[in-house]
Amino acid sequence: MTTQDSAAVIPLLQMRLHALNDLALTLKHIHWNVVGPHFIAVHEMIDPQVEQVRAMTDDLAERISTLGGEPHGTPGALVSDRTWNDYSIGRAEAIEHLGALDLVYTSVIEEHRAAMKATDEPDPVTQDMLIEQLRGLELFQWFVRAHLESSGGQLSTAGASTERKAAAQAAEQARGRP
């Protein structure tokens, strides 16, 4: 791999590192702030996701170093570089957090896919790592969406553009269920 190719891939990986560090923190925030009748199910579902996302961040940081870069994993670097806002839901019912988390996963997955496509030519090794991470992220989103989807396949968060709207839509649909 050329130095020029590495220089192009490193910033992509750094943003994925920020996104996954943020995701791990967001998942722990949800873990600590979930309440309601489905508390324990969501509380226990989240921790394995946190651990796997943290492992993904380690892989990203090590790949950045392997390519000659310097991974930045501090909170200040994350906040300075990110292009998204903090997770907006505090203490809330499980279904509300799951509705908001669905949007978080959608965003992380879309950006991961873009990075995967961008590494196709210059760095298939990095692309392979991103593909594996996408497999896990998409599985986690499926776990979340299983709580938000009707038996007819309608997603309660469909069309929501903010975490608060997704949370409200998920809660509204849940009120109509037994």
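Here goes a summary of the coordinates provided.

Looking now at the packing of helix α1 (residues 3-33) against helix α5 (residues 124-145). Taken N-terminus to C-terminus, the directions of α1 and α5 make an angle of 20°; their axes are 12 Å apart at the nearest point. Considering the angle they form, α1 stands roughly parallel to α5. As for the relative orientation of α1 and α5, their crossing is left-handed in sense. Residues V9, L13, R16, L20 and L23 of α1 form the contact with α5, whose participating residues are T126, M129, L130, Q133 and L137. A breakdown of the residues in the contact of α1 with α5 according to their chemical character gives 7 nonpolar, 2 polar and 1 charged.

Quick look at a nonpolar patch on the surface now. A cluster of nonpolar side chains, contributed by L139, W142 and F143, occupies part of the molecular surface with about 310 Å² of accessible area. Looking at the element boundaries, F143 is found in helix α5.

The rules we used
Residues numbered from 1 in each chain as written. Predicted model: local features only at pLDDT ≥ 70, side-chain atom pairs only at ≥ 80, totals over all residues. Heavy atoms only, no water. Axes fitted to C-alpha atoms, helices over the stretch in contact; angles between N-to-C directions. Helix = DSSP H or I, 4+ residues; strand = E, 2+ residues; numbered from the N terminus. Parallel < 35°, antiparallel > 145°, perpendicular 65-115°, else oblique. Left-handed = near helix turned anticlockwise from the far one by under 90°. Contact = heavy atoms within 4.5 Å. Nonpolar A, V, L, I, M, F, W, Y, C, P; charged D, E, K, R; others polar. Patch = residues over 30% accessible without salt bridge, like charges linked within 9 Å, V, L, I, M, F, W, Y side chains within 5 Å. Areas by Shrake-Rupley, 256 points an atom, 1.4 Å probe, with all protein chains shown as cover. Salt bridge = Lys/Arg side-chain N within 4 Å of Asp/Glu carboxyl O.

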